[in-house]
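Architecture and fold: a report
What follows is each chain in one-letter form.
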Amino acid sequence: MAGTKRLTGTNKWRLEYMYENERYSQYITASSPTEANRKLALFVSDVEKGQYSRQNSITFTEFAQMFIDKYAKNNLSDTTVMNYACQLNKYILPELGKYKLSKLKRLHVQDFANKLLSEYNLSSKTIKNYIKLISSILEKAIQWDYLHENVAKYVTIPKNYSKPKKEQEIYNNEEIKEMFKALEKEEEPFKTMVYVSFYTGARRGEVLGLRWQDIDFNNNIMHIIQNKIVKINGTKLKETKNKRTRQFVIPQVLVNKLKEIYNNQNPDELIFNCYPSTYTKMWQNFLRKNNLKYITLHDLRHTNGSILASKGVDIVTIANRLGHLPATASAYYLHAVSEEDKKASLSVILA
């Protein structure tokens, strides 16, 4: 018989065949020499017909790395690449990485989705994001002629009824006053960073991407032009999330606070020289130290939008200030607010 077989372990065989001066090999499982011979014959036939490729032996882990190296790093943002790598290493590869790409079945992916619920209690939205990444990888495998079918399609995302959707956390008037009272004991630049976050509703990276030339002290106008993001080897400045610059009037209390730390710096110089995760840790430590209700920096952004909505500011104006699409702003801020908030204004809170 053309080709050879070699027992490598219990019911494990290595098939080899030299064809047109090129060596082909494949590992198989067979319970007897007879079954191994039958698979060897099929293997030889596939090679001679041009239907066998070494691509058949690549694992999901190997192809996922190709996806990151040859596609994601060149076409997606650094933040997205880092998030993909985290998703892959945390759950996907430990569960699915061992499978040959050609042997990965829809049931394997379905079992993985179910396990994310049953063992890790992830939300349905998070599970959907994991399956979406697997699907993107398999779609690229089809484009690169490694597969003919995306088995992650039509996988049912399990519902996690025991994990309700996280409610939006915001500060009420009293909590805002407590926050600013505690903030007076803090040092710069953290104190002014929080002022900017609260009074503008800007995203964390937008606050850290501000330059002195982005502040018009004469007209109390702030320009949001760029965003500081984390990349693999540090940080970089890029366009805002929706790639649109914006400008809006800021209150005098914020202008005064910025003037306190202004000392004729270069207009191109960043106002805050801070790593994004460092700002987050400083905020968390500040809340813990002062026994304040825990909200994220992004929740502070929602607090700003909610106050504006409670004052009767129209949703288009809120969207323009915060860099949202109007429909997104509606989903966030057209919710019930307390009677106290309805009566309050942003300017009165800290007057």
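Residues numbered from 1 in each chain as written. Predicted model: local features only at pLDDT ≥ 70, side-chain atom pairs only at ≥ 80, totals over all residues. Heavy atoms only, no water.

1. A few points about the environment of N11
- Position of N11 among the secondary structure elements: in the loop between β1 (4–9) and β2 (12–19).
- Through-space distance from the C-alpha of N11 to that of S32 is 7.2 Å; in sequence the pair is 21 residues apart. (Helix = DSSP H or I, 4+ residues; strand = E, 2+ residues; numbered from the N terminus.)

2. Points about the confidence of the model for the protein
- Mean pLDDT for the protein: 87, with 90% of residues reaching 70 or above.
- Note on residues 336–349: pLDDT is under 50 here. Beyond four places in sequence and across chains, it has 21 contacts. (pLDDT = per-residue confidence, 0-100. Contact = heavy atoms within 4.5 Å.)

3. Here we look at helix α9 (residues 252–261)
- Listing the buried residues of α9 in full gives L254, V255, K257, L258 and I261. Looking straight down α9, one finds its buried side chains confined to an arc of 160 degrees; they lie on one side.
- Those residues of α9 that are buried lie in contact with α7 (190–200), β4 (215–216) and β5 (221–224). (Buried < 20%, exposed > 50% of the residue type's maximum accessible area, 1.4 Å probe, protein only. Arc of directions from axis to C-beta.)

4. Here we look at the packing of α7 against helix α11 (residues 297–310)
- It is the contact of α7 with α11, at a shortest axis distance of 7 Å, that shows an interaxial angle of 40 degrees. In terms of orientation, α7 lies oblique with respect to α11. Facing V194, S197, F198, Y199 and T200 of α7, the residues of α11 in contact are L300, T303, N304 and I307.
- Of the residues belonging to the contact of α7 with α11, the class tally is 5 nonpolar, 4 polar and no charged. (Axes fitted to C-alpha atoms, helices over the stretch in contact; angles between N-to-C directions. Parallel < 35°, antiparallel > 145°, perpendicular 65-115°, else oblique. Nonpolar A, V, L, I, M, F, W, Y, C, P; charged D, E, K, R; others polar.)

5. Quick notes on the side chain of T303
- Note on placement: T303 falls in helix α11.
- Sequence-distant contacts of T303, defined by excluding residues within four places in its chain, comprise I170, Y171, I176, F198 and I295.

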